[in-house]
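Secondary and tertiary structure notes
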Amino acid sequence: EPEVTQTPSHQVTQMGQEVILRCVPISNHLYFYWYRQILGQKVEFLVSFYNNEISEKSEIFDDQFSVERPDGSNFTLKIRSTKLEDSAMYFCAKRTGTDTQYFGPGTRLTVL
Amino acid sequence: AQKITQTQPGMFVQEKEAVTLDCTYDTSDQSYGLFWYKQPSSGEMIFLIYQGSYDEQNATEGRYSLNFQKARKSANLVISASQLGDSAMYFCAMREGSVSYGGSQGNLIFGKGTKLSVKP
């Protein structure tokens, strides 16, 4: 089942710059999630998004992060002023009605 | 305390043999879900198998099965007839609480993973 696509696959940015990561679900689902995985570490939950609103967020998801669904299809994660420690793989996931979450291929963010 | 514990940082298995990857979890919820994901070197997260806390039978998906022992709070992944393409990181994850339409639950808590290497 093709789940979600994410763009770009790799983003390199300078510290302090803003980045926008995009997620495009193939089919229309209500539940979306962003996770991140710092290299060599476990996957960590950032935020969940339900019915075009944030429904839950972790302590990692501070004021530098925001999520939007600007046009009803794309789903974006914005990091306002990137820090070195934001370097990670960022995954978008969607949840089906059966509870399973399917992950996109990820965006590797490198902050220099 | 860790919610999901995977005690094996790395495992080796001979091709065509079976292997068990361990996962224990900690929750006080009665309703929860347990998941296994595979992460090959390319980086994507591939869903393998799901077990609900109320499911009485162990989940199976092809060569994957989940050995669910609720009293022990363990959810081990068994891969039968290992193939070279099974070499990857494997993550156990848990979703706490019940999931309902309109609710906000659903985020997954992951373990640190086990790196499986299949030897020819």
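Attention in this report is confined to the structure presented alongside it.

About the cut-offs
- Residues numbered from 1 in each chain as written.
- Chains lettered and ligands numbered in written order.
- Predicted model: local features only at pLDDT ≥ 70, side-chain atom pairs only at ≥ 80, totals over all residues.
- Heavy atoms only, no water.
- Helix = DSSP H or I, 4+ residues; strand = E, 2+ residues; numbered from the N terminus.
- Rg over C-alpha atoms; globule rule 2.2 N^0.38 Å.
- Buried < 20%, exposed > 50% of the residue type's maximum accessible area, 1.4 Å probe, protein only.
- Contact = heavy atoms within 4.5 Å.
- Areas by Shrake-Rupley, 256 points an atom, 1.4 Å probe, with all protein chains shown as cover.
- Lys, Arg positive; Asp, Glu negative; His and termini not counted.
- Charge placed at Lys NZ, Arg CZ, Asp CG, Glu CD.
- Pairing = 2+ DSSP bridges.
- Axes fitted to C-alpha atoms, helices over the stretch in contact; angles between N-to-C directions.
- Salt bridge = Lys/Arg side-chain N within 4 Å of Asp/Glu carboxyl O.
- Phe/Tyr/Trp six-rings, centres within 6.5 Å; stacked < 30°, edge-to-face > 60°.
- Lys NZ or Arg CZ within 6 Å of the ring centre and 35° of its normal.

As a further point, take the overall build of chain A. Helices and strands together make up the secondary structure of chain A, namely 0 helices and 11 strands. When the helices and strands of chain A are placed in sequence order, the string is β-β-β-β-β-β-β-β-β-β-β. Over its C-alpha atoms chain A spans a radius of gyration of 13 Å, differing by no more than 12% from the 13 Å that the globule rule assigns to 112 residues. Principal-axis analysis of the C-alpha atoms gives chain A an extent of 40 × 25 × 25 Å. Looking at chain A as a whole, 50% of its 112 residues are labelled buried. Pairs at least 24 apart in sequence give 51% of the contacts found in chain A among residues at least 6 apart. Roughly 5,200 Å² of accessible area belongs to chain A as shown, and the carbon and sulfur atoms make up 48% of that amount. Treating the 11 positive side-chain charges of chain A as one cloud and the 14 negative ones as another, the clouds have centres 2 Å apart.

Further remarks concern the sheet that holds strand 1 (residues 4-7) of chain A. Residues and elements named next belong to chain A. Here 4 strands make up an open sheet; going across it, the order is 1-3-8-7 and the pairing antiparallel. Two strands close off the open sheet at either side, each with one partner strand: strand 1 and strand 7 (65-68). The average angle at which neighbouring strand axes cross in this sheet is 20 degrees, direction not considered. Pairing between strand 3 (residues 19-25) and strand 8 (residues 75-79): 5 bridges, direction antiparallel. What sits directly across from Cys23, in strand 8, is Phe75.

Once that is clear, we can look at the pattern of salt bridges. Applying the stated criterion across every chain, the model contains 3 salt bridges over all chains. In this structure, A:Arg36 engages A:Glu44 in a salt bridge whose closest nitrogen and oxygen atoms are separated by 3.2 Å. What makes A:Arg36 buried here is its relative accessible area of 11%. Note that B:Glu96 is salt-bridged to B:Lys3, the shortest N-O span being 3.1 Å. Separated by 93 residues along the polypeptide, B:Glu96 in strand 10 (residues 88-96) and B:Lys3 in the segment before strand 1 (4-5) bring together distant segments of the chain.

All right, on to the packing of aromatic side chains then. Given two aromatic rings, one states the distance between the centres and the angle between the planes to describe the pair. Evaluation of the coordinates by the stated rule reveals 19 aromatic pairs over all chains. Ring centres of A:Tyr35 and B:Phe110 lie 5.9 Å apart, and the angle between their planes is 85 degrees; this geometry places the pair in the edge-to-face category. Here B:Phe110 lies in strand 11 (residues 108-110) and A:Tyr35 lies in strand 4 (residues 31-37), a pairing that spans two chains. Pairing B:Tyr37 with B:Phe47 gives two aromatic rings, centres 5.9 Å apart and planes at 65 degrees, and the pair type is edge-to-face. Here B:Tyr37, found in strand 5 (residues 32-39), pairs with B:Phe47, found in strand 6 (residues 46-52); they are 10 residues apart in sequence, far enough to count as distant. A network of ring pairs unites the aromatic residues A:Tyr33, A:Tyr35, A:Phe45, A:Phe91, A:Tyr102, A:Phe103, B:Phe35, B:Tyr37, B:Phe47, B:Tyr50, B:Phe91 and B:Phe110 as a single cluster. Between the NZ or CZ atom of A:Arg95 and the centre of the ring of A:Tyr31, over which it lies, the distance is 3.9 Å.

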